[in-house]
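Here is what each chain is made of, one letter per residue.
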Amino acid sequence: MAEREVFSLFPTPVMRVAQAISPEQVQALREGLMDQAALANHLSGELQHTRILGADDHPELLQDLARRVGPHVVEMGRLLFGEQLRWGIKEMWLNAMSTGGRQAVHNHANCFVSGVLYLSDCDASANTVFMRNLGGRDFVFANTHGGAEVGPFNADKWIGPQPEAGDLVLFPSYLQHEVPLNRGGPRVTLAFNAIPERLDAWGYAISFSS
Ligand SMILES: [Fe+2]
């Protein structure tokens, strides 16, 4: 039989780092930030956020965190841009979701790598769902029904391994994602956005600062 090869072109990196921080660090972040999660989500009454936290907020807590997740962000950046660049985390915020909460489909503007650090375990119902672009104004043809197999070339959604407290997930900031209805207990995450110091296309360079 003739040899058959299939190539997966242009894949999208999503990085999972199991136990990126210790249980003690999870506890310290929850104790330091939870009482500030007072901003109601505009869509879900069971989801609250802190304001956007910068480098000057909780310097010990967040700078220590930046040191721990930094090497993973650099490696994610190497996958995306082919080079070990200097990266900075330009904002963080805590999300505290109770039973019945959800987060609408969105992506993150004005950044390149985004991350979710789990500060609690996460019910299977509320695992982050990543999805292909939602489309533009083109007509769509699909073959989606009970008899159709779903695989990497036709799937619209992707759900990663079940997260536990201390786990980190990194993804390109353009990637659409959502949190479906949480049927489990409290789900606490620290989200952040990162930018490289500089990108250079054959001398056409652009620098970023937060
Ligand atoms: Fe997000």
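Here, the structure is the one placed above.
The notes below deal with the structure included here. (Residues numbered from 1 in each chain as written. Predicted model: local features only at pLDDT ≥ 70, side-chain atom pairs only at ≥ 80, totals over all residues. Heavy atoms only, no water.)

What to know about the side chain of Glu178
Along the chain, the position of Glu178 falls in strand E10 (residues 176-179). Looking at Glu178, the relative accessible area reads 15%, which means it is buried. Apart from the residues within four sequence positions on either side, Glu178 is in contact with Gln103, Ala104, Val105, Asn127, Thr128, Val129, Met131 and Lys157. (Helix = DSSP H or I, 4+ residues; strand = E, 2+ residues; numbered from the N terminus. Buried < 20%, exposed > 50% of the residue type's maximum accessible area, 1.4 Å probe, protein only. Contact = heavy atoms within 4.5 Å.)

With respect to the sheet that holds strand E7 (residues 129-131)
Strand pairing in a sheet relies on backbone hydrogen bonds. The paired strands run either parallel or antiparallel. With antiparallel pairing, four strands are arranged side by side in an open sheet as E5-E10-E7-E8. With partners counted over all chains shown, the strands left at the sheet margins are strand E5 (103-106) and strand E8 (157-159), one partner each. Within this sheet the neighbouring strands show an average axis-to-axis angle of 20°, counted without direction. Here E5 runs beside E10; their pairing, made up of two bridges, is antiparallel. If you follow His106 over to E10, its bridge partner there is His177. (Pairing = 2+ DSSP bridges. Axes fitted to C-alpha atoms, helices over the stretch in contact; angles between N-to-C directions.)

Side note on the sheet that holds strand E9 (residues 168-172)
Within the open sheet, the seven strands sit side by side as E1-E9-E6-E11-E4-E3-E2. Their pairing is antiparallel. Unpaired on one side and paired on the other, strand E1 (15-17) and strand E2 (39-40) mark the two borders of the sheet. Two elements, strand E3 (residues 47-49) and strand E4 (residues 87-97), share three bridges in a ladder whose sense is antiparallel. Counterpart to Gln48 in the pairing with E4 is Ala96.

Considerations on the pattern of salt bridges
In this structure the tally under the stated criterion is nine salt bridges. Residue Asp57 pairs with Arg51 through a salt bridge whose shortest N-O separation is 2.9 Å. Here Glu75 makes a salt bridge to Arg78, at a shortest N to O gap of 2.8 Å. Placement of both Glu75 and Arg78 in helix H2 (residues 59-81) is noted, with a separation of three residues, approximately one turn of the helix. The class of Glu75 is partly exposed, set by a relative accessible area of 27%. (Salt bridge = Lys/Arg side-chain N within 4 Å of Asp/Glu carboxyl O.)

Concerning the nonpolar core
By size, the foremost hydrophobic cluster in this structure holds 29 residues, and its most contacted members are Leu29, Leu119 and Leu190. Only E1, helix H1 (23-33), H2, E4, strand E6 (113-118), E9 and strand E11 (187-196) provide two or more residues apiece to this core. The element best represented in this core is H2, accounting for five residues. For Leu190, the contacting residues outside a window of four places in its chain are Leu29, Leu33, Leu65, Met92, Trp93, Leu94, Gly115, Val116, Leu117 and Leu119. (Core = buried A, V, L, I, M, F, W, Y, C linked by side-chain atoms within 4.5 Å.)

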